[in-house]
Amino acid sequence: MAASPYLLVSIVLGVKCYRARAQTEGAKCQYAVTEEKLQRGSPLYINGAEVDGVSSVRFLRVHLTYDLTWLLHTNKVVRSARQHLVFLQRLRKFDLPPDILTNFYRCTIESILTACITVWYSSCTVYDCKALERVTEIIDVCLIVTGRYVPVLTVKPNGPQIFSGETVILTCSIPGQRVDGWTYYWYRYNTQLHHSDQNYYTITDIKVSQSSDYYCYGSVKHGRESSGWSNAVTLTVTERPKASLTMVPTGQMFSGETVTLRCDIQGHTDTGWSYSWYKDGDSNRPVHSSDDKTDYSFSAVESDSGTYTCRGERRRDSQRSEISNTVTLTVSVAGLLQEEIHRYNMVYLCCSLPRATLTVESESPLFTGESVTLKCEIQSYSDWRYQWYKGSSGTAVSQSQKHTFTTRSAADQDQYWCRGERDNRPTSSQNSNRVSLSVDLPRATLTVEPGWNSVFTGESVTLKCEIQSYSNWRYQWYKGSSGTAVNQSQTHTITIRSAADQDQYWCRGERDNRPTSSQDSNRVSLSVAERPKPKLTSSHKGAALIGNPVVLNCKLDQSAGWKFYWSKHTQNPENETETETPSYTISSVSVSDRGQYWCRAGRGDPVYYTHYSDALRINTTARHTSNNIFKFTNNTTILGLISDGDETAYRDEMIVDYRKLQRDSPLYINGAEVDGVSSVKFLGVHLTDDLIWSLNTNNIVRSARQHLFFLQRLRKFDLPPDILTNFYKCTIESILTACITVWYGSCTVYTCKALERVVRTAETIIGNKPPDFYRTSTRWYVPVLTVQPNGPQIFSGETVTLTCSIPGQRVDDWTYYWYRYNTQLHHSDQNYYTITDIKVSQSSDYYCYGSVKHGRESSGWSNAVTLTVTGTCLICHSCNINTVSYDYWKRPKASLTMVPTGQMFSGETVTLRCDIGHTDTGWSYSWYKDGESTRPVHSSGDKTDSSFSAVESDSGTYTCRGERRRDSQRSEISNTVTLTVSVAGLLQEEIHRYNMVYLCCSLPRATLTVEPESPLFTGESVTLKCEIQSYSDWRYQWYKGSSGTAVSQSQSYTFTIRSAADQDQYWCRGERDNRPRSSQNSNRVSLSVDLLRATLTVEPGWNPLFTGESVTLKCEIQSYSDWRYQWYKGSSRTAVSQSQTYTFTIRPAADQDQYWCRGERDNSPTSSQNSNRVSLSVAERPKPELTSSHKGAAALIGNPVVLYCKLDQPAGWRFYWSKHTQSPENEAETETPSYTISSVSVSDGGQYWCRAGRGDPVYYTHYSDALWINTTGVSPPVSLMVSPSRTQHFTSDSLSLSCEGQSNSTGWRVRRYTHSEKVSDCSSGWGSVTGSTYNISSLSTSHTGVYWCESESGESSNPVNITVHSESTCGSVILESPVHPVPEGDPLTLHCLYHHTNSSNLTAEFYKDGSLLQTQTTGEMTIRTVSKSDEGLYHCKHPERGESPESWISVTAAESTVGLLIKMAVGASVAVLFIILLPLLCCCKAKKGNQQNVNQTSDQNQRESG
């Protein structure tokens, strides 16, 4: 039985579309439709014959059969594609380029195969698919011919760098082809490397020289066809990097010290390396590995001694670097570390780092606000600096031996530990024991009643604070970030007034005994919103049929807890209907149910109500079964219902007769009976019951955008533009153009813009416009058609100019032709065409082309320009095949409305709204009064509303008009509205209690009062009250300054003055639901806030301050008396002191902060403002630098010398000078940082120091380093002789000192200066005397100092610097250098001495002023002729035993020849004189012998008795 043609059409565009179900992919897409008997008034004829049904029909280019199979359709598709293949082969025969062949294939073959393919392909039979595959095999050959197949070359590993020696695999893939059907060829630059039937090529042990660009292509095995060239792959091969290992610190390590091994990959900037460290040559089992850190740190023990190496491994490809260099770690456990303790004369031996001990001086558990003291002690050694640590942090929290702090919160509950640091070895101690501090702090708990997430203005909320442990709590309530309590009771009830109440709330407790306070409670955030307004909707979209049910829904997007109240215009508000759910059902609608309905919601006790919803009108109507007329599209089939013999014929392809359908049985979809659906997808097109195309175009745009993602990915991999263009044609353009002739003409402007954006995005990704086949194949010029004015709408009556431009061509070389759709309009030698007084009927698509004046050539067609002239076909009268008549409207007319309507009162706000019924937004608006249309009372650039406060003179009639800004076209004048403003008009309100009627002539005025009056002080409360005498039910709004936002909404507004920001003008007004809806603004009250500011001063005013100095802060407030002062530090709100002056001694950086104060008193004002903030900058105790004006090694006797004490710090210092021969109490003091020796003498030679001091009592800096002053010119009479004769000595060695001079050295003694004893001589106990020699039997480091000879008269020799070297701290090496200055021209020999002389390795490096001079294997260095340039600091270094201290070697000037001759002459004269006097002396000796013996005996007795 043949299917009814009416049934087929009802599937496509029926008034009600029925779809049964869609089976799974691969099955047929079936539509279950119940055929119903059609009642016709007359038979249906096709080609003159009456028909009842057809077996197949072609609709939208798809062949449909009555049994819904696709054989007929696929046969047609295959036949048509094969016919076009003939033309493709012919074009190939004429050697057309591949891009033209590809475009021809896209346009004429692929478009046939893919037309509506999403509709039919999945339901094809096996036979259909085979037929399509045979066409595809033919096309595969054509694609190879046209160059479609382009290989893709990939590389593995795929990275920016490849190391030499790696294995690289190049894979050549041809998309869509089997690997075994091709032979593959690989090239490096222009040289063929390899060919194979396998699509991969392996390069093993790759070299740096193989860095280059690589390509491939494929050739069909059994044919002559080849693919195109692949993309280029660049291989960059580099040498394998080598790791470098360094160790910090270097040298011998002690047990417990921290060592760091750093592994660095040289010459590589990439960070994707992991690292491994190896010990003692084992390169398979690392002792430590790290994914990204280059450092390996650990605390060394004896077992860690050994050799270490490292290696890196690149994570992305597991490539390893070469093994690093070797470093040696030596950890000593039994090495001697000595320190002499003079008080007990004992020597301690230590085998490892000393351990710190931590003790706690406080009760446990601790509570917040209490102080705790931690003490760190280290028994051995001295001069410790202490470091305190908390938890796992590596940052010191304090640096004193005792760490005292106040517990402020649970954050102080942690583990604490300490350790020591010092300048000499051992430089650090072991970590102390860890002490855990437990802070037991009860927590406050905050609850909210009611527990709704958000609250609304006018609602009340109660907050409750509870603390379970202890008793006698006082509660403090806080809001937001404020540190001032807003309430002090256990419960805190708030009535929400405005958004200002939206904040976080929290509480805490305080009490007199321990614990004095609780932890802060959890924070509760109150979210405040304006009183909500529900939305009332109905389940019925139009008029309700009598007898049917209607459900009203009261939608409220808020938290739970609501009940709902329903009212109707015919009932009193007191009789509202209450429901638990937001729905209200009228089970059977009657005529009496029509009218307006409202709803509102309420919750709480007492009930808090929302606003009423907007009114919803319910209309009722009788049942009927008439159908409307439906229009399909403007340019395709028009479908309509034939009713009561009234037929309306529509233009285009078919006439359809719709009649009332009688169903024998109901229709079910997914188990439910349905009467109709709103949309259906048929043949790939989305159809809706209102026959608009938004759903279809939205789905097309969405699908095209999804495919744009893949186009972007292809672009990212640098595919050439032709492949990107082909991909665009196949996957995006085919989607956009599917059945485009059906729907595109009826698209809205919005959907057209969406389609254009997809095309423009594709053009951006491809890099140029996708090629047009016509333009590519003909190479013709393509004109560009533009329109002026260029806008989405053109009004009838406007003048329009169309301009035809041919890029790169002169205008006068061409003749131009303009077409509207298919009809020629005009031709001209000018390239523009003007349409004057355009009509709505001239809306259409316009094109142009050009023809060369003196030749036969023509350009291609231009782009299409669509002109839309404003005008709408409202009703189709007498529509038939040949004639159609329309009703048009031309220029838009403005519409004016007034809000509110009716009579207005003076002071009320009125809004005049002007509306132009156009989607174009480029309009400006003008309003006119009393018929005047040339001088507007108000104009707006883009706003449609004109609002003003009405007065009596505003009464009159108003109109408006719009003007389009881009072309100054005006709309028609609007309708007229009348505004009446009453000043003496009667506004009545009946007051039942007194049975009186009030008359009002204007809006009532609000009155504002304030208590107390100004001036006000910070911390005081002020209450503002707003009163309106007439009417009732007022809601009050409070405003501050020029702000239009209400700060409060109650009749009384009470707040606390906090700062000068509260000093402003305040005013109020009232609002109500009935008229008058608002009052006039109240009088304005200015609040004056008297600001009492505290002033902070600092004494002394130095910046920075140093640790150990004292500072005094003073707080002053000029006005009032009886102040109590509070001192604060940093961001803390806890007072650190409460006196007017605050004096403290600077500790380390903990005291570096901001300080400020404020005052409090019992009477008004109760507090002052905060003072200015003073920042104290704290630095460590400074150390000056001592320099001399004399740059040489020695100062000439008699010349002046100036010493300078340099201190890079602010002023206020005095300077103190000392010498090694004087006691510290006898320091010289100067006001300036310089000290002058006006005439240098021999006694001025020696070591000098300086320091600075300031304040009272004096605060001193550290001493400067010692500065040597040497003198020259006259040799001192006595010199200090040292044995052994060197400046450096080992501990435990012996030392002899003696004073020897050119004459008698009697009366001279040896003195010294050391840091521990200052100035002393041998008799004080540091040595023994044997004759004239002073001996030290066993040297220690305390003997390091300056030694000299001094006579009883105060003369002194040149000083000698003696350094005693401790092997345990500095190594076992010293430098043997001269004690006294070396004469210029003499040789100088330096020896590097080792404590253990039996060492066979005597290699030594000699340095001068830090620079290497020589490396000697004998352990000594000789300078044959010394000059002034050899003067400086020398030291030596052994590669394993360490290095010596530095010694200064002075060089003295050589004596001149004249001086030498004088000395020789004097010497000869003395010799002659001695020969002459010698006989006389012998005679005198015999005569006076007896007397001399008597005198010598007497003298000796006198010395012994003395």
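Values in this document were obtained by computation on a predicted structure and should not be read as measured data.

A.B. asks: Even after reading the chapter, I still don't get the packing of helix α6 (residues 694-716) against helix α7 (residues 721-736), so can you show me in this structure?
C.D. replies: Each pair of packed helices can be described by the angle between their axes along with the distance between the axes. Packing of α6 against α7 leaves a shortest axis separation of 9 Å and a crossing angle of 170°. As far as their axial angle goes, α7 and α6 are roughly antiparallel. On the side of α6, the interface is formed by I700, S703, A704, H707, L708, F710, L711, L714 and R715, while α7 contributes L724, F727, T731, I732, I735 and L736. A per-class count over the contact of α6 with α7 returns 11 nonpolar, 3 polar and 1 charged.

A.B. asks: Looking at this structure, I do not really get the pattern of salt bridges. What am I missing?
C.D. replies: Between side chains of opposite charge, a pair can form as their charged atoms come close. Overall, the coordinates contain 39 salt bridges when judged by the stated rule. A salt bridge links R314 to E166, with the nearest nitrogen and oxygen atoms 4.0 Å apart. Taken together, the residues span a long stretch of sequence, with R314 in strand β20 (residues 306-314) and E166 in the loop between β6 (162-163) and β7 (168-173) at a distance of 148 residues. Of the two residues, R314 and E166, neither departs from the other in class, the shared state being buried. One salt bridge connects E1376 with R1286, and the closest N-O pair in it is separated by 3.9 Å. With E1376 in strand β106 (residues 1373-1376) and R1286 in the loop between β97 (1278-1283) and β98 (1288-1290), this pair connects stretches of sequence that are 90 residues apart.

A.B. asks: Any chance you could explain the side chain of Q842 here in plain terms?
C.D. replies: With respect to the helices, strands and loops of the structure, Q842 is situated in the loop between β58 (832-835) and β59 (844-852). If we skip the residues at most four places from it in the chain, Q842 touches R820, I835 and D837.

A.B. asks: So what exactly am I meant to see when it comes to the pairing of strand β11 (residues 212-220) here?
C.D. replies: For a regular strand, the rule is simple: side chains alternate between the two faces of the sheet. For β11, a buried count of 7 out of 9 residues is recorded, marking the element as mostly surrounded by other parts of the structure. Judged from the 7 bridges that link them, strand β8 (residues 182-188) and β11 form a sheet pairing that is antiparallel. Directly across from W182, in β11, lies its bridge partner V220. Bridging between β11 and strand β12 (residues 233-235) involves 3 bridges; their strand directions are antiparallel. The residue bridging S212 from the neighbouring strand is L235, located in β12.

A.B. asks: Looking at this model, I keep getting lost on the environment of S227. Mind explaining?
C.D. replies: Along the polypeptide, S227 turns up in the loop between β11 and β12. For S227, a relative accessible area of 12% translates into the label buried. Apart from residues no more than four positions distant in its own chain, S227 is found in contact with Y149, P151, I174, W182, Y217 and G218.

A.B. asks: How should helix α3 (residues 98-113) be read in this particular structure?
C.D. replies: Residue pairs spaced three or four apart in an α-helix point in one direction, given the helix's 3.6 residues per turn. Of all the bends in α3, the greatest, near 40°, is centred on R106. With 12 of 16 residues buried, α3 is to be regarded as a mostly interior element. Residues of α3 that are buried: I100, L101, T102, N103, F104, Y105, R106, T108, I109, E110, I112 and L113.

A.B. asks: Is there a simple way to think about the state of the cysteines in this case?
C.D. replies: Here a disulfide denotes a covalent bond joining the sulfur atom of one cysteine to the sulfur atom of another. As enumerated under the stated definition, the model contains 12 disulfides in all. With its sulfur 2.1 Å from that of its partner, C554 forms a disulfide with C599. Because the torsion about its S-S bond is 80°, the bridge between C554 and C599 counts as right-handed. Of the two residues, C554 sits in strand β42 (residues 550-555) while C599 sits in strand β46 (residues 595-603), which places them 45 residues apart along the sequence. Exposure class is identical for C554 and C599. Each is buried. A sulfur-sulfur distance of 2.1 Å marks the disulfide that ties C1299 to C1349. Of note, the bridge from C1299 to C1349 carries an S-S torsion of about -105° and is left-handed in sense. Taken as a pair, C1299 in strand β99 (residues 1295-1301) and C1349 in strand β104 (residues 1345-1350) lie far apart in primary sequence, 50 residues in all.

Conventions and cut-offs
Residues numbered from 1 in each chain as written. Predicted model: local features only at pLDDT ≥ 70, side-chain atom pairs only at ≥ 80, totals over all residues. Heavy atoms only, no water. Axes fitted to C-alpha atoms, helices over the stretch in contact; angles between N-to-C directions. Helix = DSSP H or I, 4+ residues; strand = E, 2+ residues; numbered from the N terminus. Parallel < 35°, antiparallel > 145°, perpendicular 65-115°, else oblique. Contact = heavy atoms within 4.5 Å. Nonpolar A, V, L, I, M, F, W, Y, C, P; charged D, E, K, R; others polar. Salt bridge = Lys/Arg side-chain N within 4 Å of Asp/Glu carboxyl O. Buried < 20%, exposed > 50% of the residue type's maximum accessible area, 1.4 Å probe, protein only. Pairing = 2+ DSSP bridges. Bend = angle between axes of the 7 residues up to and from the residue. Disulfide = S-S within 2.5 Å.

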